[in-house]
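# Tertiary structure, described
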Amino acid sequence: MSASPSVSPEIRRRGLMLVLSSPSGAGKSTIARTLLANDGNLTMSVSATTREARPGEVDGEHYYFVTRETFDQMVADDEFLEHATVFGNSYGTPKAPVETAMEAGRDVLFDVDWQGAQEIQQYAHDDLVSVFVLPPSIEELERRLFNRAQDSEDVVRGRMDKATSEMSHWDAYEYVIINDEIEKSVSNVTAILASERLKRRRQNGLLGFVRALGVGQ
Ligand code: ADP
Ligand code: 5GP
């Protein structure tokens, strides 16, 4: 019997970019939070925004809350991978942390709207995995927005008005999750992540591994 190869079974691989989009209130931040807590190889892309922090939101953790001047300077300095205006505020994805994480084989999670997802697709090509989160019903979406109790009634109405147009982009995504039970949604996204990580083209350390097994020599 030949000796087993002296290589680690942990195969080096390139990171992937997991984009989660949904109409506001459908639950993507809740899903994202649980995934991040459960998965040490997943890192969140923290966006910069000109919107006001909601109660409980922490600068540098949920967003970088910046002034309009700072945001415009970041755009001028080409610091964003993409940026867009959503509900009258500007949001942008800083480029540098994403590049660092991907090179280190870490996966990056993005909570962006459909415009951001499209632009990330241009940048990411095969590195992208996109998931759209739908609410189980319009009534439940409204209930969640009100229950979240972080926005005024006017803001909630504005978000409901935008929900249909945001949801019309569902078919530009590879995967669609209906977020009825949160545990099921999290386990579905976990399953997507697990199988996407195993794609052969992502496991760029495989060639060395199979050679050490004596294949192709
Ligand atoms: P989004 O990030 O898409 O705007 P959130 O994650 O903030 O949405 O969720 C909106 C509200 O709905 C929050 O109060 C959250 O706790 C609640 N929520 C999220 N997912 C579910 C679910 N599957 N069932 C019931 N409530 C949920
Ligand atoms: P919220 O104000 O509820 O945190 O986010 C409003 C919308 O902006 C959500 O649909 C969210 O996905 C999107 N968003 C957050 N950060 C970014 C970003 O960096 N780029 C883009 N394009 N959208 C973002």
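These lines cover the structure that appears in this document, whether it is placed above or below. (Residues numbered from 1 in each chain as written. Chains lettered and ligands numbered in written order. Predicted model: local features only at pLDDT ≥ 70, side-chain atom pairs only at ≥ 80, totals over all residues. Heavy atoms only, no water.)

## Considering the site of ligand 1
Keep this limit in mind: We define proximity as follows: a residue is near a molecule or strand when any one of its heavy atoms falls within 4 Å of that partner. Between N or O atoms, a polar contact is any pair within 3.5 Å; within protein, one atom must be a potential hydrogen donor and the other a potential acceptor, and residues adjacent in sequence are included only when both atoms are from side chains. All accessibility values rest on the Shrake-Rupley procedure with a 1.4 Å probe; residue burial counts only the protein chains present in the view. In the cavity and pocket records, a cavity denotes points on a 1 Å grid over the protein atoms alone where a 1.4 Å probe fits but cannot get out, a pocket denotes an open set with protein on both sides within 12 Å along at least 5 of 7 lines, and lining residues are residues with an atom within 4 Å of a point. Occupancy of a cavity or pocket is assigned to a molecule whenever over half of its atoms lie within 2 Å of that pocket's grid points. Helix and strand assignments follow DSSP, with helices taken as H or I runs no shorter than four residues and strands as E runs no shorter than two, numbered in order from the N terminus. Under the scheme applied, nonpolar residues are Ala, Val, Leu, Ile, Met, Phe, Trp, Tyr, Cys and Pro; charged residues are Asp, Glu, Lys and Arg; polar residues are all the others, including Gly.
Around ligand 1 sit 15 residues in total, of which Gly25, Ser29, Thr30, Arg148 and Asp180 are the nearest. With respect to ligand 1, the backbone of Gly27 contributes an N or O atom lying 3.0 Å from an oxygen atom. Contact with the protein chains hides 77% of the accessible area of ligand 1, taken as 570 Å² for the molecule alone. Given that more than half its atoms are within 2 Å of the pocket grid, ligand 1 belongs to the largest pocket. For the shell around ligand 1, the secondary structure elements donating two or more residues are α1 (28-38) and α5 (138-148). The leading source of residues in the shell around ligand 1 is α1, at 3 residues. Along the lines of polarity and charge, the residues of the shell around ligand 1 split into 3 nonpolar, 7 polar and 5 charged.

## Things to note about unusual backbone geometry
It is generally the case that most residues other than glycine have a negative phi and that most peptide bonds are trans. For the record, the criterion: For each residue, the accessible area found with a 1.4 Å probe, counting protein chains only, is set against the maximum for its type, and the residue is called buried under 20%, exposed over 50%, and partly exposed in between.
For Asp78, which is not a glycine, the phi torsion comes out positive at approximately 55°. Summarising the element assignment, Asp78 is placed in the loop between α2 (68-76) and β5 (80-86). Its identity as a non-glycine residue notwithstanding, Phe87 has a phi of 50°, on the positive side. Here Phe87 shows up in the loop between β5 and β6 (89-94). A residue is classified by how much of its surface remains accessible, and Phe87, at 32% relative accessible area, is partly exposed.

## A few points about α5
Keep this limit in mind: By definition, the arc is the one covered by directions from the helix axis to the C-beta atoms. Note on contacts: a residue pair qualifies if any of its non-hydrogen atoms lie within 4.5 Å across the two residues.
Listed in full, the buried residues belonging to α5 are Glu140, Leu141, Arg144 and Leu145. Mapping the buried residues of α5 onto a view down its axis gives an arc of 140°, with all of them on the same face. Across from the buried face of α5, at angles greater than 90 degrees, the exposed residues are Glu139 and Asn147. Lining the buried residues of α5 we find α6 (153-167). Count one or two residues on from α5 and you reach Ala149, which has phi positive near 50°.

## Focus: the site of ligand 2
Taken together, 17 residues are adjacent to ligand 2, and Ser47, Arg51, Tyr63, Glu82 and Tyr91 come closest. In this structure, Arg54 approaches ligand 2 through a side-chain N or O atom, which is 2.7 Å from an oxygen atom. Within the backbone of Val112, a nitrogen or oxygen atom sits 3.5 Å from an oxygen atom of ligand 2. Across the complex, the protein chains shield 96% of the 510 Å² of accessible surface that ligand 2 would expose by itself. The cavity that encloses ligand 2 is the largest pocket. Sorting the residues of the shell around ligand 2 by element identifies β5 and β6 as the ones contributing at least two each. Classifying every residue of the shell around ligand 2 gives 5 nonpolar, 5 polar and 7 charged.

Honestly, that's just the spatial picture; any functional story needs more than this.
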